[in-house]
Amino acid sequence: MSHRGVDAVPAERLARDLQAAGHEVWLDLWEIEIGDSIVEKMNEGLAGAQYVVLCLSAAGVTAPWITREWAPAVARQLENSGTRLLPAVLTGQEAPALLADIKAADLTADWRAGVAALLRAMDRAR
C-alpha cells in the first residue's frame, strides 16, 4: 500500500480490511523498523507486488516517497508485468494527470462499498 504519512490511520484501516479478506498486505507501518533502509524495504515490498494500492487523499500523491512507489507501478502495469495499480480515494482528491484514466475505488461516501469494489478488482486479477 502506498500512502502519505498523514493518511496513516485510514491507510492502516484499509490494510486491515484487505488482510481480513485474505490478502497479504505490505504496509510501511508494519514492515519498516528503526534502523532499516527505507528505500531497501520499499523495494522489497514492491518487488513481488501483484497490486499497488495507491491511497488518494487531500494530502496529495506527489510527495517524493509516494511518487517513488506509484510511478514504477504504473510503468510495470503499462509493460503488462503483472503489477496493477489500484487507486483508492480516502478523502477528496483528484488523481495526478498520469492516473486520470484509471478508475479508483471511492471510500469517501461508503467505506464498505469502496473496499468491496477494491476487493473485486483484486479478485479479478488473480
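Residues numbered from 1 in each chain as written. Predicted model: local features only at pLDDT ≥ 70, side-chain atom pairs only at ≥ 80, totals over all residues. Heavy atoms only, no water.

### Describing helix α1 (residues 8-20)
For an α-helix, the turn length of 3.6 residues means that residues three or four places apart are oriented alike.
So, point 1. Here α1 spans 18 Å end to end across 13 residues, near enough to the 18 Å set by a 1.5 Å rise per residue.
So, point 2. All buried positions along α1 are accounted for by Ala8, Ala11, Leu14, Ala15 and Leu18. The buried side chains of α1 occupy one side of the element, clustering within an arc of 130° when seen end-on. Exposed residues pointing more than 90 degrees away from the buried face of α1 are listed as Val9 and Ala20.
So, point 3. A positive phi of about 100° marks Gly22, the residue just after α1. (Helix = DSSP H or I, 4+ residues; strand = E, 2+ residues; numbered from the N terminus. Expected span 1.5 Å × (residues − 1). Buried < 20%, exposed > 50% of the residue type's maximum accessible area, 1.4 Å probe, protein only. Arc of directions from axis to C-beta.)

### Observations concerning the sheet that holds strand β3 (residues 105-106)
So, point 1. Taking strand neighbours across the sheet as the criterion, the three strands line up as β1-β2-β3 in an open arrangement whose pairing is parallel. The sheet is open, and its two edges are formed by β1 (51-56) and β3, each paired on a single side.
So, point 2. One ladder, built from two bridges, connects strand β2 (residues 84-89) with β3; its direction is parallel. From the neighbouring strand, Val89 faces β3, where its bridge partner is Asp106. (Pairing = 2+ DSSP bridges.)

### Points about the layout of surface pockets
So, point 1. Reported here for the largest pocket is a volume of approximately 450 Å³.
So, point 2. What lines the largest pocket is a set of 20 residues, and nearest its centre among them are Glu24, Val25, Trp26, Ala49 and Tyr51.
So, point 3. For the lining of the largest pocket, the class distribution of residues is eleven nonpolar, five polar and four charged.
So, point 4. Space inside the second largest pocket adds up to approximately 270 Å³.
So, point 5. Surrounding the second largest pocket, 15 residues form its lining, Lys103, Ala104, Ala105, Ala121 and Arg124 being those nearest its centre.
So, point 6. Those elements that place two or more of their residues in the lining of the second largest pocket are β2, β3 and α5 (111-125).
So, point 7. Considering every element that reaches the lining of the second largest pocket, the biggest residue donor is α5, with five residues.
So, point 8. In terms of residue class, the lining of the second largest pocket is built from nine nonpolar, one polar and five charged. (1 Å grid on protein atoms, 1.4 Å probe; cavity = no way out; pocket = protein on both sides within 12 Å on 5 of 7 lines; lining within 4 Å. Points joined across faces, edges and corners; volume = space filled by probe spheres on them. Nonpolar A, V, L, I, M, F, W, Y, C, P; charged D, E, K, R; others polar.)

### Observations concerning the side chain of Asp7
So, point 1. Note that Asp7 resides in the segment before α1.
So, point 2. Despite being buried, Asp7 has no salt bridge partner; Arg4 is the closest side chain of opposite charge, sitting 6.1 Å away.
So, point 3. Reaching out from Asp7, the side chain makes a polar contact with the side chain of Ser57 at a distance of 2.5 Å.
So, point 4. Dropping the residues within four chain positions of it, Asp7 is found in contact with Ser57, Ala59 and Leu90. (Lys, Arg positive; Asp, Glu negative; His and termini not counted. Salt bridge = Lys/Arg side-chain N within 4 Å of Asp/Glu carboxyl O. Polar contact = N/O pair within 3.5 Å; in protein donor to acceptor, adjacent residues only side chain to side chain. Contact = heavy atoms within 4.5 Å.)

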